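Residue-level structural notes
Chain by chain, the residues run as shown.
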Amino acid sequence: MDAPGGGRPLSPLPSPPAGPGRAGRLRSPRGAAPAPAPPPHLTGLAAAVPSRAGPCRAEPSSAEPVRAEPSRAEPSRAEPSRDGPSRTGPSRTGPSRAEPSRAEPVPSRCPAMARPLPLLLLALGLAAAAKSPYQQVLQHSRLRGRQHGPNVCAVQKLIGTNRKYFTNCKQWYQRKICGKSTVISYECCPGYEKVPGEKGCPAALPLSNIYETLGVVGSATTQLYSDRSNLRPEIEGPGSFTIFAPSNEAWASLSAETLDSLVSNVNIELLNALRYHMVDKRVLTDDLKHGTTLSSMYQNLPIQIHHYPNGIVTVNCARLLKADHHATNGVVHVIDKVIATTTNTIQQIIETEDSLETLRTAVAASDLSSLLESEGQYTLLAPTNEAFEKIPRETLNRILGDPEALRDLLNHHILKSAMCAEAIIAGLTMETLEGATLDVGCSGEELTLNGKPIIANKDVLATNGVVHFVNELLIPDSAKTVFELAQESEVSKSTDLFRQAGLSSHLTGSERVTLLAPVNNVFKDGLPVIDSNMRNLLLNHIVKDQLSSKYLYHGQKLQTLGDKELRVFVYRNNLCIENACIAAHDKRGRFGTLFSVDKMLTPPTGSVMDVLKADHRFSTLVAAIQSAGLTENLNRPGTFTVFAPTNEAFQAMPQGELNKLLGNAKELANILKFHVADEILVSGAVTALVRLKSMQGDKLEVSMKNNIIHINKEPVAESDIMATNGVIYAVNSVLQPQASRPQERGDEPADPALEIFKQASALSKVSQRNPRLAPVYSRILARMKENSGGF
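A brief report on the enclosed structure follows. Numbering of residues starts from 1 in every chain and runs along the sequence as written. Two thresholds apply to this predicted model, a pLDDT of at least 70 for residue-level local features and 80 or more for giving and counting side-chain atom pairs, whereas whole-chain, interface and lining totals are computed over all residues. Excluding hydrogens and water, the side-chain figures rest on all heavy atoms present in the structure.

**Side note on the state of the cysteines**
Pairs of cysteine sulfur atoms within 2.5 Å are identified as disulfides in what follows. Taken as a whole and assessed by the stated rule, the structure comprises five disulfides. Sulfur-sulfur distance for the disulfide between C178 and C442 comes to 2.0 Å. Residues C178 and C442 share a disulfide whose torsion about the S-S bond is about -95 degrees; that sign makes it left-handed. Highlighted residues: C178 in the loop between strand 4 (176-177) and strand 5 (180-188) and C442 in strand 18 (residues 437-443), separated in sequence by 264 residues. For each residue, the accessible area found with a 1.4 Å probe, counting protein chains only, is set against the maximum for its type, and the residue is called buried under 20%, exposed over 50%, and partly exposed in between. Take C442: its relative accessible area is 13%, and that puts it in the buried class. The disulfide that involves C576 links it to C581, with 1.9 Å between the sulfurs. In this structure, the disulfide formed by C576 and C581 twists by about 85 degrees around the S-S bond and is classed as right-handed. Here a strand is any run of E in DSSP of at least two residues, a helix any run of H or I of at least four, and the numbering for each starts at the N terminus.

What follows is the structure, given as structure tokens:
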């Protein structure tokens, strides 16, 4: 049988006959014999009461007949109804009026029930939680529809189409499927029907044979074709069968050519097609396990089953619409397509498709043919010839000529599991064989990859998976050069800078390097002028060897192409190389790695003393350091953070105090040591308050406010002046240790009792009224007056 195509309505076919027994099959009359037992998967409290781990609770809605309601941004609050849903499902003795129940409060989120459950209900809930994803979604739809009566399911319908879905918690609140708006309608759950004058769907469908059941569940065309092809006696007679019955719309969507080939030879072609939709045993949705196959009744050819976590079940990539309709001789599942036999592997599809000629050559060169012929369940996103033609010839030739890059490229187009288009109703992330991930989603009828609708042909089924044709090549990072990685990220301006400096060859060849590329925001005022100094600086942004940030460690030394040594600093909230901190996850290419950093790197040029001496702003500080005998300390190897007062800072001190300080070597050394910490702290590590112990012994408090570093609440004039043995911050004030700060009241040390008393003035009135505290209050007040002359 040929694969179904798209197409014209089923106009040549006559309307299906009424058939025997059709008139009384849709309802069980009152007073009749007891109705057959309802399907076991829908009975009992487990279908009406969610477990703790089950779907979210359904809020009540108006107790009206089954109807459709428009999509809204939030689920509507409904008034409580007098007649609630039956807690126990349909009665075995026939339909009955549902017992009243009070409406439950509207939940604000989708968590499971928080209130305690009786032991019996908890056990039933745990049993429900073990059900298949389809049954869990169906249970959620029942919960959402129960206020309309027993056995009513809420169904989401895409506006402007006939596509319907049982609703899960996320879809219920978003009111969207594949980004398109939906309306909510309320229908009888599978296996139940309405009764005139009764609320909801209290009656179980009468149990009949498969042939009769087909007409009840919306597959009358399948019923008609079963009659024409002489399949009817078999599905009316004894046995145990499962039929995946195409809906009436599925038959109508077949192309005229395909349909003609079937109906022109009903005893062979049509019969074989129908028998391929059948299995010679009873199979319910709980038995339809993901990735399994069933042997059809046509030459035992396999039928592929996929049961996805979102509750979607597909049969050869056709979606189950109405499942688990029990019959006396089996089960009926209604599907949305006429399925075709498949005997080709993914590799055989590649070999026979003219539009995959370039892919065929690439697969042969990469030795992936054996994988694509092997047993398994894969999804191949097959790039067409057009997709390869869109890639620059130089890039394509480089990849095709590099076996490792080519293998990564092809593996990036293979997903680890079979993903049918019908199963994608929202965005999800899927892992490829190459190890990276792809964002697979949908927009209306179109599938998307990484947000772009590039899938040209979907759901070409193979024996070992499914093929989707794509019209753009998906090149993974692992097959790209560093230059290509940088051009496609937030460091594109850096690539222009390296290109202007004539350094592109280091980033496009097979040299193992790591590029430290400043993000575009660093150059918001324009790119710097390229001269010899800038070129040397850029060379120091290229590290020898291909690195990974997760293997970097504190104190590690990195060699650059400019023959500089860079240090790695690992902080609680950042990873920095000298003054530049990594701003995004690194991208690892074929031969090089890209580190995006938050600023231009400034490699150290000398010791702390060397840097201070070379900067005229610190001439007074240099003299003070030499006078205090600290020169050797700041010249030796170490890890210092120096808050260096500028000349302006010293000039701001009273002249007498400055002279006194500079004339007392011991006091001067004490003050200067208070400006030095024995660890390196670059500005990128400061996001909150950081406390450093100074060499003097007291703590220094470093903080960030309005993107400016502050030291002991004093703003820093310049940050991250790198030295080989530390980092320097320029400050415009001389920091004072706690013991050296002038007292607020004369020279007398502060009295803790007075301080507490002063800070808690509100207690003074209480003290005056309290007989026990009044004398103490008077004495403290007198002492304060003596020390301050009153206040």
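**As for the sheet that holds strand 17 (residues 428-431)**
Pairing between strands requires that DSSP locate at least two bridges from one strand to the other. Spatially, 17-18-19 is the arrangement adopted by the three strands of the open sheet, whose pairing is antiparallel. Each edge of the sheet is formed by a strand with only one pairing partner; in this case those strands are strand 17 and strand 19 (446-449). Between one strand and the next, the sheet's axes are offset by a mean angle of 30 degrees, whatever the strand orientation. Sheet topology places strand 18 next to strand 19; four bridges connect them, and they run antiparallel. By the bridge assignment, G441 is partnered in strand 19 with T448. Helix axes are fitted to C-alpha atoms over the stretch in contact, other axes to C-alpha atoms as well, and angles between N-to-C directions run from 0 to 180 degrees.

**A short note on the pairing of strand 13 (residues 318-327)**
The element strand 13 is largely enclosed, with a buried count of eight among its 10 residues. Connecting strand 12 (residues 313-315) to the next strand, strand 13, in antiparallel fashion are two residues, including N316 with a positive phi near 50 degrees. Hairpin connection of strand 13 to strand 14 (residues 330-335): two residues between the antiparallel strands.

**Notes on the pattern of salt bridges**
Salt bridges, as used here, are contacts in which a Lys or Arg side-chain nitrogen is within 4 Å of a carboxyl oxygen on Asp or Glu. Across all of its chains, the model carries 26 salt bridges by this definition. A salt bridge links E422 to R319, with the nearest nitrogen and oxygen atoms 3.5 Å apart. You can see E422 sitting in the loop between strand 16 (414-415) and strand 17 and its partner R319 sitting in strand 13, a full 103 residues away along the chain. Look at E422 and you get buried, because its relative accessible area is 14%. Relative accessible area serves as the criterion here: at 5%, R319 is assigned to the buried category.

**What to know about helix 5 (residues 220-228)**
Counting buried positions along helix 5 gives seven out of nine residues, so the element sits mostly inside the fold. Those residues of helix 5 that sit buried are A220, T221, T222, Q223, L224, Y225 and S226. Tucked inside the fold, the buried residues of helix 5 contact helix 4 (210-216), helix 6 (232-236), strand 8 (241-246), helix 7 (248-252), helix 8 (256-263) and helix 9 (266-276). Looking at the residues trailing helix 5, positive phi occurs at N230, about 65 degrees. We call two residues in contact when some of their heavy atoms are within 4.5 Å.

**A closer look at the environment of L138**
Position of L138 relative to the elements: it lies in helix 2 (residues 133-145). A residue is classified by how much of its surface remains accessible, and L138, at 2% relative accessible area, is buried. Distance in space between the C-alpha atoms of L138 and T167 is 7.5 Å, their sequence separation being 29 residues.

**Focus on unusual backbone geometry**
For Q299, which is not a glycine, the phi torsion comes out positive at approximately 55 degrees. Mapped onto the elements, Q299 comes out in the loop between strand 10 (293-295) and strand 11 (302-307). Even without being glycine, E578 reaches a positive phi, approximately 55 degrees. In this fold, E578 is placed in the loop between strand 26 (575-577) and strand 27 (580-581).

**Let's talk about the sheet that holds strand 21 (residues 465-470)**
Taken together, four strands build an open sheet; the order of strands is 16-15-21-20 and the sheet is mixed. The open sheet has two edge strands, strand 16 and strand 20 (455-462), and neither has a second partner. Both strand 15 (residues 378-383) and strand 16 contribute to a ladder of two bridges, which runs antiparallel. By the bridge assignment for strand 16, L380 is matched with I414.

**Some details on the nonpolar core**
Ranked by size, the top nonpolar core spans 31 residues in total, and within it F244, L288, L294, I303, V315 and L320 carry the most contacts. Those elements giving two or more residues to this core turn out to be helix 2, strand 2 (152-158), strand 5, strand 11, strand 12 and strand 13. Here the element with the most residues in this core is strand 2; it accounts for four residues. Setting aside chain neighbours within four positions, we find L288 in contact with F244, V283, L294, I305, H307, V313 and L320. Within this scheme, the nonpolar core is defined by two criteria: the residues are buried Ala, Val, Leu, Ile, Met, Phe, Trp, Tyr or Cys, and they are joined through side-chain atoms within 4.5 Å. Formed by 30 residues, the second largest nonpolar core is a distinct cluster that contains F618, L661, L668 and I671.

**Points about the pairing of strand 5**
Pairing of strand 2 with strand 5 involves seven bridges; the strand directions are antiparallel. If you follow A154 over to strand 5, its bridge partner there is Y186. With two bridges joining them, strand 4 and strand 5 adopt antiparallel strand pairing. Within strand 5, the residue paired with I177 across the bridge is K180. In this structure, the hairpin formed by strand 4 and strand 5 is closed by a connection of two residues, where C178 is found at a positive phi of approximately 55 degrees.

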